[in-house]
Amino acid sequence: MAVVVATVCGVKGLGVRGWLLLGLITVVVLASTGVWNPFPALWDWVDRSQPLSEPEPVWQQRVGGTPKSVTIAGDTVIVEQRTRVEARSLATGTQLWERKADWAAVAGSDRAPVVAVGRLLDKGYEVLDPATGVVRRRDERAIAVWTYRNLLLDAYCVRSTDCTLRAWDPRGSSPLWSSFLPGVNSGVLADNPELLGTRRLGAPRIDGGVAGPESVPPLLGFPVDDRVHVVDTATGRVLQNVEPGREERLAVVGGRLLRIAATSRDGTCQFVLTAVDPATGQQVWRRNGVNLRTADYAGCVQREDPQGARNVLIGVAPDGREAVLDGYDGRLLQVGAEGEKLLAVDDRYALVRSADKGSIIGRELSADRTRWTRPAGGKTGAALTPYAALIAEEKPSRLIAVEPRSGRELVLLRTSANALAVGPNGMIIGEGREIGYVRWGAGAAGVPPPDEGAVPAPDPGDTWRPPAGQGSCGPKNELCADGK
């Protein structure tokens with residue numbers, strides 16, 4: 001009787017490699033004859049997606065390529081990839097449509113969004129219905145498109161020095177107004193080329209476009225041939241055509257044209273900030289010594305737009321404390337304590353990391369008061385959106401959404417994924433090609449999800465009156481006693 005002896009080093013006879021080879025040959029023969037094929041199940045096991053977060057998303061899907069941007073558009077999710085764009089159902093994550101495109105951008109409100117798509121190096125674009133992908137409007141001339149919640153702008157050029165800027169209702173079929181510009185830029189610029197405004201504070205693991213499209217500002221600054229053309233977005237009228245001074249940088253913020261002068265003196269940069277009413281050309285406010293972080297201290301050359309968001313600016317006082325300024329009237333909306341660090345800001349709120357780096361503070365700018373405080377680590381990042389304040393924590397890795405005013409926790413996720421898009425009732429998270437939708441209430445202790453049928457709070461940017469109405473109430477209704 002033969003005895004097979006197993007040892008630590010292998011198996012006598014064929015040996016371990018021989019038995020493995022024999023087993024592989026056997027499996028291949030069985031698979032080729034149709035008797036038994038384990039490979040599909042094995043591949044499904046290897047390729048199985050792991051949950052993006054704990055608690056798990058309502059749905060999780062693998063998209064065709066790594067997303068360039070993700071935007072919640074009404075009841076759909078628009079996923080922009082390198083060479084295509086696809087739409088998915090916000091409720092289930094199932095794909096609704098897909099098409100080739102090099103760029104995509106969402107315009108319109110939550111209730112009436114559209115998707116503008118186009119190809120690089122090709123003029124023109126198409127406006128699509130986000131739910132069906134049906135073309136609502138097609139343009140064959142535009143070289144640039146800017147998308148907002150309440151407006152879509154495009155520009156086409158007959159010659160390099162003869163361009164037309166047009167404004168459209170996102171779902172409209174004819175322009176609201178058109179305006180002449182002596183050029184836009186060379187080449188085809190695709191979606192949302194940079195204008196002269198503010199640059200937002202960034203945060204790790206929170207996408208820069210997480211808030212989606214914003215309301216159009218009352219004024220926009222178009223850089224053309226080293227000059228700035230200030231356009232009233234209500235009428236299309238060009239209010240100013242300004243060339244900056246040798247030591248100046250221009251920005252258009254809060255319905256004002258800002259002249260930022262930086263002069264090298266005594267080894268430092270001396271800053272002077274002047275705000276001009278573009279309609280009259282008159283100076284309306286001025287501040288000295290506030291560093292808007294536009295210069296790199298190499299001769300005080302200003303290469304960056306000022307930091308801020310919407311209609312507010314972030315500056316640094318001579319004593320090193322960070323401050324938030326109203327772009328319209330220059331008021332100090334908030335001055336931080338020594339050692340505090342601004343993480344995010346918009347027209348309404350500011351998120352601040354405490355001096356000891358142990359907590360995040362939510363402040364209301366209009367009242368300059370602290371609304372809430374919660375513990376946080378030193379590497380915590382944050383962002384503000386119309387629907388939630390986002391907090392990204394490390395060690396442990398978590399994403400948290402809270403109400404900006406009260407600090408009430410909307411969702412708490414244990415995840416290494418990124419926050420990609422925020423909507424009225426939840427947010428899209430993603431990692432690699434995997435994306436998922438999380439509703440408010442997931443993982444939030446004792447906090448029920450909001451009513452899915454509730455109307456979201458209005459975007460404060462929508463309440464602004466454009467400069468064309470300054471003769472009545474002004475762009476922030478500041479001249480009307482009753483605020484109407």
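Looking at an unreviewed UniProt entry, the chain carries the name PQQ-like domain-containing protein, with the source organism given as Micromonospora chaiyaphumensis.

### Brief notes about the overall build of the chain
Helices and strands together make up the secondary structure of the chain, namely 2 helices and 38 strands. In the chain, which comprises 484 residues, the share counted as buried stands at 50%. The long-range share in the chain, meaning contacts at least 24 apart out of those at least 6 apart in sequence, stands at 44%. About 23200 Å² of surface is accessible on the chain, with carbon and sulfur atoms providing 52% of the total.

### Quick look at the pattern of salt bridges
Scanning the entire structure with this criterion turns up 34 salt bridges. Asp346 is paired through a salt bridge with Arg348; the nearest N and O atoms lie 3.6 Å apart. In this structure, Asp346 and Arg348 share a single accessibility class: buried. Three or more residues are tied together by salt bridges with common partners; here these are Arg99, Glu126 and Arg138.

### Here's the deal with the sheet that holds strand E35 (residues 409–414)
Either a parallel or an antiparallel arrangement is found when strands of a sheet pair, and the pairing is made through backbone hydrogen bonds. Spatial strand order, E32-E33-E34-E35: 4 strands in an open sheet with antiparallel pairing. At either end of the open sheet lies a strand with only one pairing partner, and these are strand E32 (381–384) and E35. For this sheet, the mean angle separating the axes of adjacent strands, direction not counted, is 15 degrees. Across 4 bridges, E32 lies against strand E33 (residues 389–393) in antiparallel orientation. Within E33, the residue paired with Ala383 across the bridge is Leu390.

Conventions we followed
Residues numbered from 1 in each chain as written. Predicted model: local features only at pLDDT ≥ 70, side-chain atom pairs only at ≥ 80, totals over all residues. Heavy atoms only, no water. Helix = DSSP H or I, 4+ residues; strand = E, 2+ residues; numbered from the N terminus. Buried < 20%, exposed > 50% of the residue type's maximum accessible area, 1.4 Å probe, protein only. Contact = heavy atoms within 4.5 Å. Areas by Shrake-Rupley, 256 points an atom, 1.4 Å probe, with all protein chains shown as cover. Salt bridge = Lys/Arg side-chain N within 4 Å of Asp/Glu carboxyl O. Pairing = 2+ DSSP bridges. Axes fitted to C-alpha atoms, helices over the stretch in contact; angles between N-to-C directions.

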